[in-house]
Amino acid sequence: MTTPARSIPAQTPPERLSPPNPNPSPGPSPEPGPGSARADLLTTTLRRLRGLAPELTRGLLGTLVLALVATAGKIAIPVTVQQILDRGLADDQVDLTVIGVAVGVAAVVILTTALANYRMNRRLYRLSETTLATLRVRAFRHIHDLSVLSQSAQRRGSLTSRVTSDIDQMSQFLQFGGVMLLVSTGQMLIATVLMVVYSWQLTLLVHGFYLPLFLITRRTQRRLAGRYAQVRERIGELLGAVAEAVVGASVVRAYGVQERTAQRIDTSIDRHRGAQSAAQKMIAGVFSLSELVAALATAAAVIVGVLLGVDGALSTGRLVAFLFLMTLFIMPIQSMTEILNDAANALAGLRRVLDVLDLPTDVRDPALTDGSVPHPAGAPHPAEATIMIPAGSPPPSARPGGRELPAGPLGVRFTGVGFAYPDGPPVLRDIDLEIAAGSRIAVVGETGSGKTTLVKLLTRLMDPSSGEVLIGGVPLAQVRFASLRRRVLLVPQEGFLFDLTIADNVRYGRPGADDAAVHAAFEALGLGDWLATHPEGLATRVGESGSRLSAGERQLVALARARLADPDLLVLDEATSAVDPETEVRLAQALAELMRERTSVTIAHRLSTAETADEVLVVDAGRIAQRGRHRDLVAVPGIYQRLHQSWVAGVGSTGPAPARPHPPAPASTAPDEPRPAFLAPRTPAPRPGRGGAE
Ligand SMILES: Nc1ncnc2c1ncn2[C@@H]1O[C@H](COP(=O)(O)OP(=O)(O)OP(=O)(O)O)[C@@H](O)[C@H]1O
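Residues numbered from 1 in each chain as written. Predicted model: local features only at pLDDT ≥ 70, side-chain atom pairs only at ≥ 80, totals over all residues.

- Named according to an unreviewed UniProt entry, the chain is ABC transporter ATP-binding protein/permease originating from Frankia umida.
- Under Subcellular location (unreviewed entry), UniProt gives the following word-for-word description of the chain: "Cell membrane". (UniProt positions renumbered as here; feature names shortened; annotations may be inferred.)

## Considerations on the sheet that holds strand 2 (residues 426-435)
At step 1: Reading across from one edge, 2-1-4-5 is the order of the four strands in this open sheet, with antiparallel pairing throughout. Of all strands in the sheet, those bounded by a partner on one side alone are strand 2 and strand 5 (474-475).
At step 2: Alignment of strand 4 (residues 466-471) against strand 5, held across two bridges, turns out to be antiparallel. Paired with Ile471 across the bridge in strand 5 is Val474.
At step 3: Taken strand by strand, helix 14 (residues 451-458) contacts strand 1 (412-420), strand 2 and strand 4, and its axis lies near 120° from that of strand 1. (Pairing = 2+ DSSP bridges. Helix = DSSP H or I, 4+ residues; strand = E, 2+ residues; numbered from the N terminus. Contact = placed C-beta atoms within 7 Å. Axes fitted to C-alpha atoms, helices over the stretch in contact; angles between N-to-C directions.)

## What about the UniProt feature "transmembrane region" (unreviewed entry) in the chain?
At step 1: As recorded in UniProt, the sites labelled "transmembrane region" (unreviewed entry) are residues 56-77, 97-118, 173-194, 200-217, 282-307 and 313-331.
At step 2: As a span, residues 56-77 carries 68% helix and 0% strand, and end to end its C-alpha atoms are 34 Å apart.
At step 3: Here residues 200-217 is 100% helix and 0% strand, with 25 Å between the C-alpha atoms at its ends.

## Overview of the packing of helix 2 (residues 60-72) against helix 4 (residues 96-145)
At step 1: In contact at an axis separation of 8 Å, helix 2 and helix 4 are set at 145° when each is read in the N-to-C sense. Where helix 2 crosses over helix 4, the handedness of that crossing is left-handed. Only Thr112, Thr113, Ala116, Asn117, Arg119, Met120, Arg123 and Leu124 of helix 4 make contact with helix 2, whose side of the interface consists of Thr63, Leu66, Ala67, Val69 and Ala70.
At step 2: Here the residues of the contact of helix 2 with helix 4 sort into seven nonpolar, four polar and two charged. (Left-handed = near helix turned anticlockwise from the far one by under 90°. Nonpolar A, V, L, I, M, F, W, Y, C, P; charged D, E, K, R; others polar.)

## A look at the pairing of strand 4
At step 1: In terms of strand pairing, strand 1 meets strand 4 through five bridges, oriented antiparallel. Bridge pairing links Phe414 to Val469 in strand 4.
At step 2: Two successive antiparallel strands, strand 4 and strand 5, enclose a turn made up of two residues, where Gly472 displays a positive phi of approximately 55°.

## Concerning the sheet that holds strand 10 (residues 623-628)
At step 1: Taking strand neighbours across the sheet as the criterion, the six strands line up as 6-7-8-3-9-10 in an open arrangement whose pairing is mixed. The open sheet has two edge strands with one neighbour each: strand 6 (488-491) and strand 10. Recorded for the sheet is a direction-independent mean angle of 20° between the axes of neighbouring strands.
At step 2: Both strand 3 (residues 440-445) and strand 9 (residues 615-620) contribute to a ladder of five bridges, which runs parallel. Bridge pairing in strand 9 links Ile441 to Glu615.
At step 3: In the packing of helix 14 onto the sheet, contacts are made with strand 3, strand 6, strand 7 (569-573), strand 8 (599-603) and strand 9, and the angle to strand 8 comes to roughly 150°.

## Considerations on the environment of Gly438
At step 1: Mapping Gly438 onto the fold places it in the loop between strand 2 and strand 3.
At step 2: Among the residues examined, Gly438 registers 15 C-beta atoms within 10 Å and is labelled partly exposed.
At step 3: Along the backbone, Gly438 and Arg598 are 160 residues apart, and their C-alpha atoms lie at a distance of 4.8 Å. (Buried ≥ 20, exposed ≤ 12 C-beta atoms within 10 Å, placed from the backbone.)

## What to know about the packing of helix 8 (residues 200-247) against helix 10 (residues 258-310)
Two numbers describe a pair of packed helices, the interaxial angle and the distance between the axes.
At step 1: Two elements in contact, helix 8 and helix 10, have axes separated by 9 Å at closest approach and are oriented at 170°. Taken together, helix 8 and helix 10 sit at an angle that is classed as roughly antiparallel.
At step 2: Looking at the contact of helix 8 with helix 10 residue by residue, the classes come out as 31 nonpolar, 10 polar and six charged. (Parallel < 35°, antiparallel > 145°, perpendicular 65-115°, else oblique.)

## Quick notes on helix 19 (residues 551-565)
At step 1: Its 15 residues give helix 19 an end-to-end C-alpha distance of 21 Å, which sits within 8% of 21 Å, the value for a rise of 1.5 Å per residue.
At step 2: Summarising burial for helix 19: 13 of the 15 residues are buried, a large majority.
At step 3: Asp566 lies just past helix 19 and shows a positive phi near 55°. (Expected span 1.5 Å × (residues − 1).)

## Remarks on the nonpolar core
At step 1: In terms of nonpolar packing, the biggest core is built from 73 residues, with Val443, Val444, Leu559, Ala560, Leu570, Val571 and Val616 touching the most fellow members.
At step 2: It is helix 19 that contributes the most residues to this core, eight residues altogether.
At step 3: Look past the residues within four positions of Leu559 in its chain and what remains in contact with it is Leu525, Ala590, Leu591 and Leu594. (Core = buried A, V, L, I, M, F, W, Y, C linked by C-beta atoms within 7 Å.)

## Thoughts on the pairing of strand 1
At step 1: The sheet contact formed by strand 1 and strand 2 spans six bridges and is antiparallel. By the bridge assignment for strand 2, Phe414 is matched with Leu433.
At step 2: Once strand 1 ends, the chain turns through five residues before running back antiparallel as strand 2, passing Asp423 with a positive phi of about 60°.

## Observations concerning the environment of Tyr421
At step 1: The topology assignment puts Tyr421 in the loop between strand 1 and strand 2.
At step 2: Assessed through the 14 C-beta atoms surrounding it within 10 Å, Tyr421 is described here as partly exposed.
At step 3: With 44 residues separating them along the chain, Tyr421 and Ser465 place their C-alpha atoms 8.7 Å apart.

## A closer look at unusual backbone geometry
At step 1: The phi dihedral of Asp430 is positive, around 40°, even though this residue is not glycine.
At step 2: Relative to the helices and strands, Asp430 resides in strand 2.
At step 3: Its identity as a non-glycine residue notwithstanding, Glu597 has a phi of 60°, on the positive side.

Below you can see the structure in the form of structure tokens.
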């Protein structure tokens, strides 16, 4: 049974490569330092892996025994050859008994070895796949559990590469390198012992050749780790560039910047190729050197072996067996360069995954904090659930910690709330705010004034830097996510649709709802006639990200989803996409219906929303500058009046639920191109600086 020989790869497949941690927040794992520090780091890293995926060591003893058997069996051929030459064919006589026994024993040993090898490989494959699947799930869940703030602080390509290429990197090692390392080390040791038995002089000679190579390889290994770290960084850049170009394809086309985008990707590919080539050059050098050393060592062993044979110090059988054993000794060394390389990459990948797992979940579900209940597998992520799955969530009893929101309509209170993005200036300051249960609030303000930040705090996508947000009198930080997501729903500007049917998309609002309930949600919003315009009705497939529907239609589906969820506090960021007048009317009516009989806080981009709201909150430079009814605010000089005048002047008579005026459109504006928010004038009137209430 021979170890599968592995030649130097022409190019490490891209999917095996990933960038080092470019994320500044937790800090990348330290580069392995010299000596014992490196060993410590290795031990700690492996211990953590075992903690995360205990199955890693399950049945390891059995696998090691199988590896031992598989390795030991490899000496069968050299020993058989030696026995046949020295005993079966000794003194020009053929001893068939000796030959027969030798061949028979060899056959049994080889078969046993093959079986052991098969079993060992299967166990290792299964073990590595289970371990990596566990790690992948944990990393993915943790990324989801991070607040939107932590997520956006990471580069998308980098996060993606953690659960894909970094873990693949480990898979490569655990499935192949790990086996090889196990078998090869044993093989080298056993071969060396037998080589000494046959000829200690030749053994010294061979090891003398390999000592310098060993030292060179160790040095190279360290430098190679640095080069591969660079390769991984480049692949992260590449993933980021490609993802951005794909996601922003319509903008790229609309502005005719395909060439510039393609250039950016080309540059990323070039940089990746350059880093890869540099690493490969080094491997090629070491690999060729080891080939040269192998050839020289073999030649030297043959020459010295023959001389020893002539002196009568070495029998022909022993010399031939020694040369066989040399092959067993050399082969692992040649593949060892690559195995160690894989091991270094796997470790670097593992450290990057651990870096992500070390990112604190800054917005934690109190159910987990208080009750120490692990995030159950298969449960939707809290933030995701807050946005999309407010009802029909896992039973609250699964999470003993945290508080439930009180029954009935929910009021909101902000007390001394301030917020600043990391390393940024304060975005919200001293917000004291009371929203009565059941009221309809429109939030308006210039672009960048802090409206979105305000609603993110309200739905606990982030926590305030100072002060407290209370819903239904309960501090938000104490509300378990299970309760929060059932009762509070954020409908983002562009309600994301999955590549499913309309019904399935709406069902995200209440998993398990039947088609009748979904249909009723459309009817309740007055959208039954719109649904009827689709021949396949609820079974209409919406395409990737809802691409088979228009922007307005996607919003209608998102509203039906929210209606099915039936939250007590609805937080809406009105869409700004341009839609046709007919859809605009539908949207306005559906929105009005959706807000009925529940508390609603809407970032208003439509005049009609502000006009019909119970109260308008005007946010300016992070403060609530004005609040009151539309008709009162519009009558007094101030920000709202100015914003309103600007809107009226800009829009004129574009329909009953008009959106803000368009900026001059580029030559080929993409259909879904968002237009600027209503009440966010393009040329705001001069005002007395940001920061103070008027
Ligand atoms: N992730 C972020 N990191 C750093 N700063 C941010 C981040 N998101 C928003 N900001 C900053 O916070 C301020 C308020 O942003 P916010 O999105 O709350 O404004 P807005 O009123 O909703 O604007 P718009 O009407 O354009 O959506 C802006 O100055 C913005 O630059």
